[in-house]
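Chain and residue survey
Next come the chains, spelled out residue by residue.
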Amino acid sequence: MGLSRYLFKRLLMVIPTLLGVTLITFTLTYLLPGNPAIVKAGPFATPEHLALMEKEMGLDRPIYVQYWRYLSGVARGDLGQSSSTGRPVLEDFLQRIPATLELTLASLMIAVGLGIPLAVVSAVRRDSFLDHACRIVGVGGVAMPTFWTGILLLYIFFYYFGLAPPPLGRLSSGVPPPASFTGLYTLDSLLTGNFRALGSSLHHLLLPAVTLGFSVMAPLTRMVRATMLEVLSSDYIKAAEASGLPQRQIVYGDALRNTLIPVITLIGVIFGFLMGGNVVVELVFGWPGIGNYAVTSLMSKDAQPIQSFVLFVSVVYVLVNLLVDIAYGLADPRIRLR
Amino acid sequence: MKRREGHEKEGISRRTFMKWAGGMGLALPLSNLPLAALRKANAAEEKTLTVAWDTEIDTLDPASFKTIGGYTTIANVYDTPIYWGVSPIPNKDGFFLSKPNEFTPRLAESWSREKGGATIVLKVRKGVKFPTGNPVTAQAFKYSFDRGLLSPGYMRIVIPSLLTVDSPDQFEVRDDYTFAINMKKPTPMALDIIALSNNVILDPAEVKKNVTAEDPWATQWLKRNVIGGGPYNLVKNMPGVEIILEANKGYWQKPPFFERIVLKFVPNEADRVMLLKRKAVDMVVGRPGLSPKNVKSLEGEPGLKIFSVPDTTCHFVSMNQNKPPYDNVKVRQAINYAIPIEAIMPNVLFGYGRQMKSPVPDLTPSYDPSASKYKFDLEKAKALLKEAGYEKGFTTNLAIRLGWAPHEQAAIWMQREFEKIGIKANIVKETDATFRQAMSKGDHEISIESWQSWVNDPFYHLQFNFNSKAKGTNVNFYSNPAVDKLIEENMHETNLEKRNAASRQVQKIVIEDAVWGFLWYDNWTRVMKTDVYGLEKRWDTFERYYGAYRKA
């Protein structure tokens, strides 16, 4: 009973948050300079033509009317039209979200799969050579901007050695995409046993995923290491050590489990960050995700896709926070009481 | 040549690998199978042209104003009545260029003039069919031109002003294969306007299937759908990824060499350079697909060649005459004397452009550089500022478009010299959309602008840029009744000698009035693999891939 009430309250709180988000995104794009009607009408447009265009696009209505139209559209799943692709924004988004999701999940797997073991090792062997090496790798990942890492990796592996595929999307030309279930090419090709598409999609995914994974690995590693050190110096670990339990069991059995609780939150935050922070990496690798779409739209002041992008990223954050809260609520009854 | 070697090397290494794999225990008949498939794949690669660019299709409605991606697609999937003709370029094997007043027949097999040129009669080519099987007729011609004039696009602005047609009655069907355009008066620009890719011929039956009560010309449907009839079909349009064109099997001419054109969306210029160097694409197109600096860096790159020809795109400093001190001709002249053009040409354009000596492009009839008088001379600039009463100089905003490398570099060169005569220029970078809004509202003080006339005609060009009534395109807000009068009186003048003399007179006045800060004319530059041939550069700069081919 307590849990369902907690869930209900938590879900209810999502509504004003999202409303606030739509208000902000709408106002931001409204205030952004640049008149989309001018772009649409072309350089030879007469003032009358322009006025007609503005009327067609609803730009002559008062701001609150425009906001209401936008909001009711969003509620119906109508995110407006993109002026640079001429398609409904929702259609563009549905086409691109799987690409971004695939990249995000892959880079998260790289960050978690490499970051956590590295952190554990550096915590256990504190101040060893390995610990310092991890620190350098970690700091490097944060310090190097992703566009730089991306271009560097492309230069080395694509341009110089010719090992990586050209930055032209998710599959080699000539490889037809696998039958679509999830839109994630790697997963779909696995499901359908299409190994040609699987190889090609993994090949294309590798460099961008490494670039992105590398950029978020550092905070993860630092946090896990710090928590691990704290846990390792706590009384119950000391007690375990004193009772002569094997080191292996202490570290991987007791210490790591307790370390991972705060990490869940961090992974949630990283996931949200990656869904929205893909922008630069997608641009560098020509990855056809929503980040790339947002940048292209921003350059041409294509308002609807920008609004939708911000809205989408906010919704992802809200959902991730909700899930993290629920997971916490399930794991720790004390949180529900508040 | 070099590319072929690389290509073969790859093939051989794959083959060697197959043999090696065969030796490792694969049965011989089995190893032959992938080999055959491999050869087939190579042949398909041979017949596929992969192009990188940074534009997408915003709309496929022929009558609309579009992105470069939209225009290029339309120019390849439909046919126009006539084309701008192209001729081979001497010493450039396999490249072609438009010359003024040269046209070739397409869906119109011939044309003639009546009533002193006021009527243009187009003879429709017989036996050509739309993909639906319906024949191409004079009725289809009329429907398509009517649609341009009446649908909410961009042709409804162009046709009345440049073709002097404002009623569909002036588009006349004489019989199934004779179509006449009855203009109010003869105009030397008529054929140029007809050749615009916006005037592609649509299958009326298909359009009519998709009209609605509030949309009588099916603009909504044509935005995203292609009826076709041109040399290529649009088989895929995946925004952010690629556009794929495939040869139209039922085309009325022999099939093109390239069976597939793959247009890859690569927004990052550094990536486009890398893709060329790795030969992962055949060619980079777009405007500007590569900045002159990057083109320069690709000179001499093995396996690549550069095709660069003069183009009519003008780059200039626009000075808003509604904003003091730019209402003062002496200030505008001083700016012209303070532009370090001799330094900009080699350091920004790297030889891929020509210095601008007239407001009319050097490829356009009646171009006259003799009135040009500006050269870099700071003393003279200072003296002019003093005469204008700005001895101490002033502060100004110099607006440029974000990401246009030559403009950014030229702005920095100018900023440094302006400083020396007391003009403190703050460089303001704006996105394309912001820039255009500020421009049309008249918010810019000075900015670096570019203009390309699709119709290579002096009065088409002068009308848009210097007539005070050309709102939205006369970005300097220049107003000179003498110039207005000369332009309006000679716009449709058929006595070419008189017309060209008038154009020269306008050029002289505009140079004297220092309407623009004269910078440069662009080159049209494409970098491609050495085995790509048959590129045709027309006035509108959009590639038609029908004539392209690969040759070892």
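Calculation rules
Each residue is numbered by its place in its chain's sequence as written, counting from 1. The naming scheme follows written order: chains are lettered A onward, ligands numbered 1 onward. Reporting of local features is limited, given that this is a predicted model, to residues whose pLDDT is at least 70; pairs of side-chain atoms are given and counted only at 80 or more, and all residues count toward the totals for whole chains, interfaces and linings. Heavy atoms from the whole structure form the basis of all side-chain values; hydrogens and water molecules are not counted. Helix and strand assignments come from DSSP, with helices taken as H or I runs of at least 4 residues and strands as E runs of at least 2, each series counted from the N terminus. Remark: exposure states derive from per-residue accessible area (1.4 Å probe, protein chains only) relative to the maximum for the residue type, with buried under 20%, exposed over 50%, and partly exposed in between. Contacts are assigned to residue pairs that have any heavy atoms within 4.5 Å of one another. Here the open area of atoms and residues is found with the Shrake-Rupley method and a 1.4 Å probe, where only the protein chains shown may cover a residue. Here Asp and Glu are counted as negative and Lys and Arg as positive; His is not counted, and neither are the chain ends. Where a charge lies is defined by one atom per residue type, namely NZ (Lys), CZ (Arg), CG (Asp) and CD (Glu). For this analysis, a ring pair means two rings from Phe, Tyr or Trp (six-membered ring only for Trp) whose centres lie within 6.5 Å, classed as stacked if their planes differ by under 30 degrees, edge-to-face if by over 60, and tilted for the remaining angles. Criterion used throughout: strands pair if DSSP finds at least two bridges between them. Each axis is a line fitted through C-alpha atoms, and for a helix only the stretch in contact is used; angles between axes span 0 to 180 degrees, taken between their N-to-C directions. Patches here are clusters of residues that have more than 30% relative accessible area and form no salt bridge, with a 9 Å joining cutoff for like charges and a 5 Å cutoff for nonpolar side chains (Val, Leu, Ile, Met, Phe, Trp, Tyr). By convention in these notes, a salt bridge is any Lys or Arg side-chain nitrogen within 4 Å of a carboxyl oxygen on Asp or Glu. A clockwise path from the first strand over the helix to the second, with the strands pointing away from the viewer, defines a right-handed crossover. Nitrogen and oxygen atoms within 3.5 Å of one another constitute a polar contact, given that in protein one can donate a hydrogen and the other can accept it, and given that sequence-neighbouring residues count only through two side-chain atoms. Two parts placed together each lose some accessible area under a 1.4 Å probe, and the buried area is that loss summed for both. Residues are grouped as follows: Ala, Val, Leu, Ile, Met, Phe, Trp, Tyr, Cys and Pro are nonpolar; Asp, Glu, Lys and Arg are charged; all remaining types, including Gly, are polar. One less than the number of residues in a helix, times 1.5 Å, gives the span that helix is expected to have. Each residue is assigned a bend, namely the angle between axes fitted to the seven residues that terminate at it and the seven residues that start at it. Residues enter a nonpolar core if they are buried and are Ala, Val, Leu, Ile, Met, Phe, Trp, Tyr or Cys, with the set joined through side-chain atoms within 4.5 Å.

Structural notes on the overall build of chain A
Within chain A, the regular secondary structure consists of 15 helices and zero strands. Counting only C-alpha atoms and orienting by the principal axes, one finds that chain A spans roughly 85 × 60 × 40 Å. The burial tally for chain A puts 47% of its 338 residues in the buried class. For chain A, long-range pairs separated by at least 24 residues make up 71% of all intrachain contacts whose partners lie at least 6 apart in sequence. Working note: accessible area of chain A is about 16,700 Å², and carbon and sulfur atoms make up 71% of it. The averaged location of the 19 negative side-chain charges in chain A is 5 Å from the averaged location of its 24 positive side-chain charges.

Here we look at the packing of aromatic side chains
Residues and elements named next belong to chain B. In the structure shown here, the tally under the stated rule is 35 aromatic pairs over all chains. With centroids separated by 4.8 Å and ring planes inclined at 75 degrees, the aromatic side chains of Tyr-71 and Trp-454 adopt a geometry described as edge-to-face. In this pair, Tyr-71 is assigned in helix H3 (residues 68-77) and Trp-454 in the loop between strand E16 (446-451) and helix H16 (458-466), connecting sequence segments 383 residues apart. With respect to burial, Tyr-71 and Trp-454 carry one shared label: buried.

As for the sheet that holds strand E3 (residues 92-105) of chain B
Residue and element names in this part refer to chain B. Here three strands make up an open sheet; going across it, the order is E2-E3-E19 and the pairing mixed. Each having just a single partner strand, strand E2 (82-89) and strand E19 (535-537) make up the two edges of the open sheet. Averaged over all neighbouring strand pairs, the angle between strand axes comes to 40 degrees, with direction disregarded.

A few points about a nonpolar patch on the surface
Together, A:Phe147, A:Trp148, A:Leu152, A:Tyr155, A:Ile156, A:Phe157, A:Tyr160, A:Phe161, A:Leu163 and A:Val280 line one region of the surface with nonpolar side chains, adding up to about 980 Å² of accessible area. Mapping A:Tyr155 onto the fold places it in helix H7 (residues 146-160).

Things to note about the pairing of strand E14 (residues 394-401) of chain B
Within a regular strand, side chains alternate between the sheet's two faces. Residues and elements named next belong to chain B. Of all eight residues in E14, six are buried, a share of seventy percent or more. Here eight bridges tie E14 to strand E15 (residues 423-430), and the two strands are oriented parallel to one another. By the bridge assignment, Ala-399 is partnered in E15 with Val-428. Read as a crossover between parallel neighbours, the route from E14 over helix H14 (residues 405-420) to E15 is right-handed. The pairing of E14 with E16 spans two bridges and is classified as parallel. Across the sheet, residue Ala-399 finds its bridge partner in E16, namely Ser-447.

Thoughts on the side chain of B:His444
Residues and elements named next belong to chain B. Within the secondary structure layout, His-444 lies in the loop between helix H15 (432-441) and E16. Judged by its relative accessible area of 8%, His-444 falls in the buried class. Looking at His-444, its side chain comes within polar contact range of the side chain of Glu-430, at 2.8 Å. Contacts of His-444, omitting those with residues within four sequence positions, involve Asn-320, Lys-323, Ala-399, Glu-430, Phe-435, Ala-438 and Met-439.

Concerning the interface of chain A and chain B
You'll often see interface size given as the accessible area lost when the parts meet. Between chain A and chain B, the contact holds 48 residues from the first and 41 residues from the second. Buried surface at the junction of chain A and chain B, both sides included, amounts to about 3,800 Å², of which 63% is carbon and sulfur. Inspection of the region where chain A meets chain B yields one salt bridge. On the surface where chain A and chain B come into contact, there are five residue pairs in polar contact (both at pLDDT 80 or more). If you list the elements that add at least two residues to the side of chain A that touches chain B, you get helix H2 (36-41), helix H3 (47-56), helix H5 (89-124), H7, helix H12 (279-285) and helix H13 (290-299) of chain A. Here the side of chain A that touches chain B is composed, by residue class, of 26 nonpolar, 16 polar and six charged.

Quick word on the environment of B:Lys373
Residue and element names in this part refer to chain B. Mapped onto the elements of the fold, Lys-373 is located in the loop between strand E13 (353-355) and helix H13 (378-388). Assessed through its relative accessible area of 31%, Lys-373 is described here as partly exposed. Measuring from C-alpha to C-alpha, the distance between Lys-373 and Tyr-549 comes to 45 Å, with 176 residues separating the pair along the chain. Excluding residues that lie within four positions of it along the chain, Lys-373 makes contacts with Gln-333, Tyr-337 and Glu-512.

Brief notes about H7(A)
Every α-helix winds through 3.6 residues per turn, so residues three or four apart in the chain are directed the same way. Across its 15 residues, H7(A) extends 19 Å between first and last C-alpha, which sits within 8% of the 21 Å expected from 1.5 Å per residue. At A:Leu154, H7(A) shows its maximal bend, which comes to roughly 30 degrees. Among the residues of H7(A), A:Thr146, A:Thr149, A:Gly150, A:Leu153, A:Leu154, A:Phe158 and A:Tyr159 are the ones counted as buried. Where the residues of H7(A) are buried, they touch helix H9 (195-232) and H12 of chain A together with helix H9 (269-277) of chain B.

Comments concerning the pairing of E16(B)
In terms of burial, E16(B) is largely enclosed, as six of its six residues are buried. Across the two faces of E16(B) the burial is the same, with B:Ile446, B:Ile448 and B:Ser450 and B:Ser447, B:Glu449 and B:Trp451 all buried.

Thoughts on the nonpolar core
Core analysis: the biggest nonpolar cluster contains 103 residues, and B:Phe141, B:Ile193, B:Ile339, B:Met414, B:Phe418, B:Tyr460 and B:Phe466 have the highest contact counts within it. Setting aside anything within four residues of it in sequence, one finds B:Phe418 in contact with B:Ile335, B:Ala338, B:Ile339, B:Ile423, B:Ala425 and B:Ile446. Formed by 70 residues, the second largest nonpolar core is a distinct cluster that contains A:Tyr159, A:Val216, A:Phe309 and A:Val324.

By themselves these figures say nothing about function.
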